[in-house]
Every structure is written in structure tokens, then in C-alpha cells.
Amino acid sequence: MTQARTRLNRRAFLGSASLFGAGLATPALSQALDLGMETYEETAQTNMRRNISSFRALDWQPYFSNLTNGAILVDTVSRALHFWSEDRSVYRLYPTSVPVSEELTRRGRTEVIRKVEGPSWAPTPSMKQRNPEWPDYVPPGPDNPLGTHALYLSWQYYRIHGTHDTRKIGRKSSNGCIGLYNEHIQELFGMSKVGTQVLLI
């Protein structure tokens, strides 16, 4: 492998690692040391091409008949959330966490029914059954699983929310909700409203 290509691959790898946050950099470095840098760079290039092909901009029209109140599309396969404003002037694409299993994944149409800055959290009955050691209530703050902001959906217990644990973004890591980096949910929170359409696919 030429020195120029090595620099290019290393630059591409570092760029893709930074996309998913510093929280993933340490496991990536460990893997690079285990595989040998040259082999790891080739693997990273392949994975980056795969991510780019699935994590792409979309048009709203195949998914919504209109943009009344704005629209949110959550793609659980590519682990991405798309937002379109009602006047079509704003489009955003964010990486997300998605449910850990098919059993916990819900798909279909819903809408934002409530917006909360500084949400509190309580486990659902099924979460508590699976994890009896979990607390019954967590107040707003750095230990709260819902992060800094939450959009409550018309489906009971389902939210689009932030997370203080940035390692979860881009992974199957939730109990049903869709998680975003706190800075992303803060932006989405400001753009969306009660009544914003939501579709999970």
C-alpha cells in the first residue's frame, strides 16, 4: 500500500470515527491495534462505504402526503432520523440509536403529542420486570436516560429523546425509543411541534 493511500485511508477512517462521536474512538483504536493498522484501514474503508450508502438524504414525498406541522421519518435499518419543516425550507438528517430487538421495535405512523425540556424518566412495567434492579424514577439531570429533551409520541411509552451516553448512537441499544445526541435532540426539539408527523420504518 502506498504512503499516499495510507494517509488517505487514515484520514477517511478518522473522519468516519468523528461522525459517530468521540465515545466510539477508543474501541476503534483497540480494534486497529488488534488487526494491524493496514488491515484495519481497509476494513474501515469498506464499513464507511456501507454506512454512506445507507445513511443518505431522502425526499419526504414517498413517506408523507404533506408536510403539515413538519415531518419526522425514523429509519430503523440505517439508524437515521430525517426531519422536514412544514415550509420545506429545513431538512435535517441525524444518526440515532434504535431498539435492541424486533420485539421492542414499533413501526408505523404516530405524532408528537408533548415536548419536554429536562424530562424525568421512569421504567415501563415491562422494563422493570426485565430489570428489577432499575430505579423507579430518575429526575432530570446527567443520569437521566432521556437526556436533555424528549418528544413524546402518541404511542404509550415511546419517545424520541436525547442521551448522555453517546456510545448508544448508531447502535441497537434502546428499549423501544429513538435516541439522539443531546445537541441534535435540542435542535430537533426547537424545530418540531406538537402535531409533527412521525413515521417509523
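Above this text is the structure in question.
Note that this is a predicted model, so its numbers are computed, not measured.

Calculation criteria
Residues numbered from 1 in each chain as written. Predicted model: local features only at pLDDT ≥ 70, side-chain atom pairs only at ≥ 80, totals over all residues. Heavy atoms only, no water. Pairing = 2+ DSSP bridges. Helix = DSSP H or I, 4+ residues; strand = E, 2+ residues; numbered from the N terminus. Buried < 20%, exposed > 50% of the residue type's maximum accessible area, 1.4 Å probe, protein only. Polar contact = N/O pair within 3.5 Å; in protein donor to acceptor, adjacent residues only side chain to side chain. Contact = heavy atoms within 4.5 Å. Axes fitted to C-alpha atoms, helices over the stretch in contact; angles between N-to-C directions. Core = buried A, V, L, I, M, F, W, Y, C linked by side-chain atoms within 4.5 Å.

Explain the pairing of strand 5 (residues 108-117) to me, and be specific about the residues and the numbers.
Every regular strand shows the same layout, with side chains that alternate between the two sheet faces. Where strand 5 meets strand 10 (residues 197-200), four bridges bridge the pair, whose relative direction is antiparallel. Bridge pairing links glycine 108 to leucine 200 in strand 10. Where strand 5 lies against strand 6 (residues 149-153), five bridges are found, and the strand directions are antiparallel. Paired with arginine 114 across the bridge in strand 6 is tyrosine 152.

Can you explain the side chain of asparagine 144? Please cite residues and give values.
Take asparagine 144: it is sitting in the loop between helix 4 (125-130) and strand 6. For asparagine 144, a relative accessible area of 2% corresponds to the buried category. From its side chain, asparagine 144 meets the backbone nitrogen of leucine 146 in a polar contact 2.7 Å long. When residues no more than four places from it in sequence are discounted, the contact partners of asparagine 144 are Pro119, Ser120, Trp121, Val138, Pro139 and His164.

How would you summarise the sheet that holds strand 6 if you had to cite specific residues and measurements?
Either a parallel or an antiparallel arrangement is found when strands of a sheet pair, and the pairing is made through backbone hydrogen bonds. Strand order in the open sheet formed by eight strands is 3-2-1-10-5-6-7-9, with mixed pairing between adjacent strands. In this open sheet, the two edge strands, each paired with only one partner strand, are strand 3 (91-95) and strand 9 (178-181). Neighbouring strand axes in the sheet, compared pairwise and without regard to direction, differ in orientation by 25 degrees on average. In this sheet, strand 7 (residues 159-163) lies alongside strand 6 in antiparallel orientation, the contact comprising three bridges. For tyrosine 152, the partnering residue across the bridge sits in strand 7 and is arginine 159. Across the sheet, helix 5 (residues 182-191) is in contact with strand 1 (71-75), strand 2 (80-84), strand 3, strand 5, strand 6, strand 7 and strand 9; its angle to strand 9 comes to roughly 105 degrees.

Just give me the short version of unusual backbone geometry, but keep the residues and values in it.
Leaving glycine aside, a negative phi is the common case for residues, and trans is the common case for peptide bonds. Of note, arginine 79 is a non-glycine position whose phi angle comes to about 60 degrees, a positive value. Mapped onto the elements of the fold, arginine 79 is located in the loop between strand 1 and strand 2. Accessibility expressed as a relative area gives 25% for arginine 79, which makes it partly exposed. Not every positive phi belongs to a glycine, and arginine 88 is a case in point at roughly 70 degrees. Structurally, arginine 88 is set in the loop between strand 2 and strand 3. Given a relative accessible area of 58%, arginine 88 falls into the exposed group.

Go over the nonpolar core, please, and point to the residues and values.
Among the nonpolar cores identified, the biggest contains 19 residues, and Ile72, Leu81, Leu151, Ile160 and Leu188 are the most heavily contacted of them. Of all elements in the fold, only strand 1, strand 2, strand 6, strand 9, helix 5 and strand 10 reach the threshold of two or more residues within this core. For this core, the element with the highest residue contribution is helix 5, accounting for three residues. Those residues within four positions of leucine 188 in sequence are excluded, and the remaining contacts are Ile72, Leu81, Phe83, Tyr94, Leu151, Ile160 and Leu180. Formed by eight residues, the second largest nonpolar core is a distinct cluster that contains Leu67, Ala71, Trp84 and Leu199.

Now, about the pairing of strand 3: what can you tell me, with residues and values included?
Relative to strand 3, strand 2 runs antiparallel, the two sharing five bridges. Bridging from a neighbouring strand, tryptophan 84 pairs with tyrosine 91 of strand 3. What sits between strand 2 and strand 3 in their antiparallel hairpin is a turn of six residues, with arginine 88 showing a positive phi close to 70 degrees.

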